[in-house]
Amino acid sequence: MMFWNGNMGGWGYFLMVISFVLFWGAVIAAVVLLARALGPGNRGRDTEATPGSGPGHAEDLLAERFARGEIDETEYTSRLSVLRRGPNR
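No experiment lies behind these values; they were computed from the predicted model shown.

Draft legend 1. Main features of the overall build of the protein chain. Looking only at helices and strands, the protein chain has three helices and zero strands in total. Along the protein chain, from the amino end to the carboxyl end, the secondary structure elements read α-α-α. Carbon and sulfur atoms make up 65% of the accessible area of the protein chain, which totals about 7,700 Å².

This is the structure in structure tokens:
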């Protein structure tokens, strides 16, 4: 730079701004990804431990409704067969 009389020129300033934005973008992205990985929202993401997920959850809800008397046996069996048959079949 001492040969340029202290002037980087247009491309020098452009590259400096681009590298500044990329550097701080990478730092912010790393902090966000680290916070998501270590934060409390990441606990219990497997399908067996998470309530409300997995293929058997709908059947459990249906069985609870049947046990409480909200639906009768014919409705329970028909809905259970639809659940076990799966979508688009």
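Draft legend 2. Structural view of the pattern of salt bridges. Summed over all chains, the structure comprises five salt bridges. Glu59 is the salt-bridge partner of Arg84, the closest N and O atoms lying 3.5 Å from each other. On the criterion of sequence distance, the pair formed by Arg84 in helix α3 (residues 73-85) and Glu59 in helix α2 (residues 56-68) is long-range, its members being 25 residues apart. According to the relative accessible area criterion, Glu59 is partly exposed, its value standing at 22%. Glu70 is paired through a salt bridge with Arg68; the nearest N and O atoms lie 2.9 Å apart. Linked through salt bridges whose partners overlap, the residues forming this network are Glu64, Arg65, Arg68 and Glu70.

Draft legend 3. Representation of the packing of α2 against α3 in the model. Look at α2 against α3: their axes get within 10 Å of each other, and the N-to-C directions meet at 180 degrees. As judged from the angle between their axes, α2 and α3 are roughly antiparallel. Seen from α2, the contacting residues are Ala58, Glu59, Leu62, Ala63, Arg65 and Phe66; seen from α3, they are Glu73, Tyr76, Arg79, Leu80, Leu83 and Arg84. Here the residues of the contact of α2 with α3 sort into seven nonpolar, no polar and five charged.

Cut-offs and rules
- Residues numbered from 1 in each chain as written.
- Predicted model: local features only at pLDDT ≥ 70, side-chain atom pairs only at ≥ 80, totals over all residues.
- Heavy atoms only, no water.
- Helix = DSSP H or I, 4+ residues; strand = E, 2+ residues; numbered from the N terminus.
- Areas by Shrake-Rupley, 256 points an atom, 1.4 Å probe, with all protein chains shown as cover.
- Salt bridge = Lys/Arg side-chain N within 4 Å of Asp/Glu carboxyl O.
- Buried < 20%, exposed > 50% of the residue type's maximum accessible area, 1.4 Å probe, protein only.
- Axes fitted to C-alpha atoms, helices over the stretch in contact; angles between N-to-C directions.
- Parallel < 35°, antiparallel > 145°, perpendicular 65-115°, else oblique.
- Contact = heavy atoms within 4.5 Å.
- Nonpolar A, V, L, I, M, F, W, Y, C, P; charged D, E, K, R; others polar.

It is worth stressing that arrangement in space is one thing and function is another; only the former is reported here.
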